[in-house]
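The chain contents come next:
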Amino acid sequence: MSGNTVTPSHAVSCTPSRAARELDLKRSEFDLAVHLGRIRTVPDEGGGGRRVVRAEIDRLRSEPGFPEALRRRVLVVGTGEGAAILEVPPTRFTRLARLGLVVPVKFYLNRYRAVVWLYLADELRQFASDKTNAFLLTGRTPEVLRSQLAAGVDLRARNWRGRHLGFLLRQTDGPWQRAGALAGFLDPLQVAEIVEDPYERAHLNRFRPGPPAHGAPGTPAAHLVEKIMTADDPDELAWLRSDLANTLDEARADQPAPRPGTRPAPKPALPGPAPHPVPPHRPKQPAAPDVLDAPDVREQPDRPARGLLSWLRRRNA
């Protein structure tokens, strides 16, 4: 049987794993391409995650230089390779990243639980080719930037959070989902200050994304990732809190959070076969008397005569 036999709802789309194979990408490369908006996905009507429509796969496969060009656009590098692309020492590259001049797109924890930031090679090539950045790649670092570095500025985590939030917001379908994405970057105490109603908080937490998977929950690695995921800069906190409050107002107006005792509106009945007609109720008639038990009306007139004759016979005896 042909492998193209699928259900009608999935006839023009496929799962991420299937799409990655058809696009000649590793699953990690595919996920990053979706993260960056290079590959468009659609929700699965059956609730099984997101899918890729056939037209999107055909579009990418028809682009010049496929698949090498697509892989080149999602290639990530670490500090050493990134410094080689910019033709600077790794120490200078790290300073540029801490200042937020180059922005990480991913990270992972090595075996020593040290954070390893990864950057898009394509973006680094663009940064190096921009002549306005030449003074950052050669010569002495400007004094204003050196003073920021001396003060301990490190914008790598904040810039990653901004990118990751953009990815999450692109995947949302409504104001509650958007509010959940914003709340995912705030400490639970910060969220409780903004969302005082416990039922709204419980509903919001349904859409709050977890941090990227790095180790089992509760482990030191997981705590470190949660720290990277949680905003700590005052400006960032102010922006997230304000945006969360505004988005919650939209969510409340769109659909209030469910509460105990509230019942969802009944779903409209689906059309089906007409029910069989019910015959009208008729009162139950008493059963007819048994013919053997009924009195013989023909004997009724003779009863007085027979009684008199019996009395005369007893008298004359």
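Just so we're clear, the structure is a prediction, and the values are computed from it rather than from any experiment.

Draft legend 1. Structural context of unusual backbone geometry. The omega torsion of the bond from F66 to P67 falls at 0°, within 30 degrees of zero and hence cis. With respect to the helices, strands and loops of the structure, P67 is situated in the loop between helix 3 (54–61) and helix 4 (68–73). Backbone geometry places D24, a non-glycine residue, at a positive phi of 55°. Looking at where D24 falls in the secondary structure, it is placed in the loop between helix 1 (16–22) and helix 2 (27–35). Residue class for D24 comes out partly exposed when judged on its relative accessible area of 37%. The phi dihedral of E87 falls on the positive side, at around 60°, and the residue is not glycine. Among the secondary structure elements, E87 is positioned in the loop between helix 5 (79–86) and helix 6 (90–98).

Draft legend 2. Representation of the sheet that holds strand 4 (residues 76–77) within the structure. A sheet is described by the order of its strands in space; here three strands give the open sequence 4-6-5, paired in antiparallel fashion. Two strands close off the open sheet at either side, each with one partner strand: strand 4 and strand 5 (106–109). Across two bridges, strand 4 lies against strand 6 (residues 115–120) in antiparallel orientation. When the sheet's bridge partners are listed, V76 is paired in strand 6 with L120. Sheet strands in contact with helix 14 (residues 220–229) are strand 5 and strand 6, and its direction is about 155° off that of strand 5.

Draft legend 3. Highlighting the layout of surface pockets. In this structure, the largest pocket encloses a volume near 440 Å³. Around the largest pocket sit 20 residues that line it, and D31, L32, H35, H164 and F167 are the ones nearest its centre. Tallying contributions element by element places helix 2 first for the lining of the largest pocket, with seven residues. In terms of residue class, the lining of the largest pocket is built from nine nonpolar, six polar and five charged.

Draft legend 4. Structural detail: the pairing of strand 6. Bridging between strand 5 and strand 6 involves four bridges; their strand directions are antiparallel. Residue pairing in the sheet places L109 in a bridge with V115 of strand 6. Hairpin connection between strand 5 and strand 6: a loop of five residues separates the two successive antiparallel strands, and R113 in this loop has a positive phi of roughly 60°.

Draft legend 5. Geometry of the nonpolar core. Of all hydrophobic cores here, the largest spans 65 residues; its most connected members are L23, F30 and I39. Setting aside chain neighbours within four positions, we find F30 in contact with P16, A19, A20, L23, L25, I39 and V52.

Draft legend 6. Looking closely at the sheet that holds strand 3 (residues 50–53). Read across the sheet, three strands follow the order 1-3-2 without closing on themselves; strand pairing throughout is antiparallel. Looking at which strands have only one partner, the edges of the open sheet turn out to be strand 1 (13–14) and strand 2 (42–43). Direction of pairing for strand 2 relative to strand 3: antiparallel, over a ladder of two bridges. Its bridge partner being in strand 3, V42 is matched across the sheet by R51.

Draft legend 7. Broad picture of the confidence of the model for the protein chain. Mean pLDDT over the protein chain: 84, with 78% of residues reaching 70 or higher. This stretch, residues 1–9, has a pLDDT under 50; its non-local contacts, to residues over four places away or in other chains, come to two contacts. In the model, residues 283–305 has pLDDT below 50 throughout and makes two contacts with residues more than four positions away in sequence or in other chains.

Draft legend 8. Structural context of the packing of helix 10 (residues 156–170) against helix 15 (residues 234–254). Relative orientation of the contacting elements helix 10 and helix 15 amounts to 20°, with a least axis distance of 11 Å. Comparing the axis directions of helix 10 and helix 15 gives the class roughly parallel. In terms of crossing hand, the pair formed by helix 10 and helix 15 is left-handed. Together, R158, R161 and L165 of helix 10 and D235, E236, W239 and L240 of helix 15 make up the contact between the two elements. Here the contact of helix 10 with helix 15 is built from residues that sort into three nonpolar, no polar and four charged.

Draft legend 9. View of the environment of A202. Mapped onto the secondary structure, A202 falls in helix 13 (residues 198–205). By relative accessible area, A202 is classed as partly exposed at 46%. Expressed as a C-alpha distance, the spacing of A202 and A257, which sit 55 residues apart in the sequence, is 8.7 Å.

Draft legend 10. A look at the pattern of salt bridges. Taken as a whole and judged by the stated rule, the model has 19 salt bridges. As a salt-bridge pair, R125 and D122 come within 3.9 Å of each other at their nearest N and O atoms. Of the two residues, R125 and D122 both sit in helix 7 (residues 121–129), three residues apart, roughly one turn of that helix. Owing to a relative accessible area of 25%, R125 belongs among the partly exposed residues under this scheme.

What counts, and at which threshold
Residues numbered from 1 in each chain as written. Predicted model: local features only at pLDDT ≥ 70, side-chain atom pairs only at ≥ 80, totals over all residues. Heavy atoms only, no water. Helix = DSSP H or I, 4+ residues; strand = E, 2+ residues; numbered from the N terminus. Buried < 20%, exposed > 50% of the residue type's maximum accessible area, 1.4 Å probe, protein only. Pairing = 2+ DSSP bridges. Contact = heavy atoms within 4.5 Å. Axes fitted to C-alpha atoms, helices over the stretch in contact; angles between N-to-C directions. 1 Å grid on protein atoms, 1.4 Å probe; cavity = no way out; pocket = protein on both sides within 12 Å on 5 of 7 lines; lining within 4 Å. Points joined across faces, edges and corners; volume = space filled by probe spheres on them. Nonpolar A, V, L, I, M, F, W, Y, C, P; charged D, E, K, R; others polar. Core = buried A, V, L, I, M, F, W, Y, C linked by side-chain atoms within 4.5 Å. pLDDT = per-residue confidence, 0-100. Parallel < 35°, antiparallel > 145°, perpendicular 65-115°, else oblique. Left-handed = near helix turned anticlockwise from the far one by under 90°. Salt bridge = Lys/Arg side-chain N within 4 Å of Asp/Glu carboxyl O.

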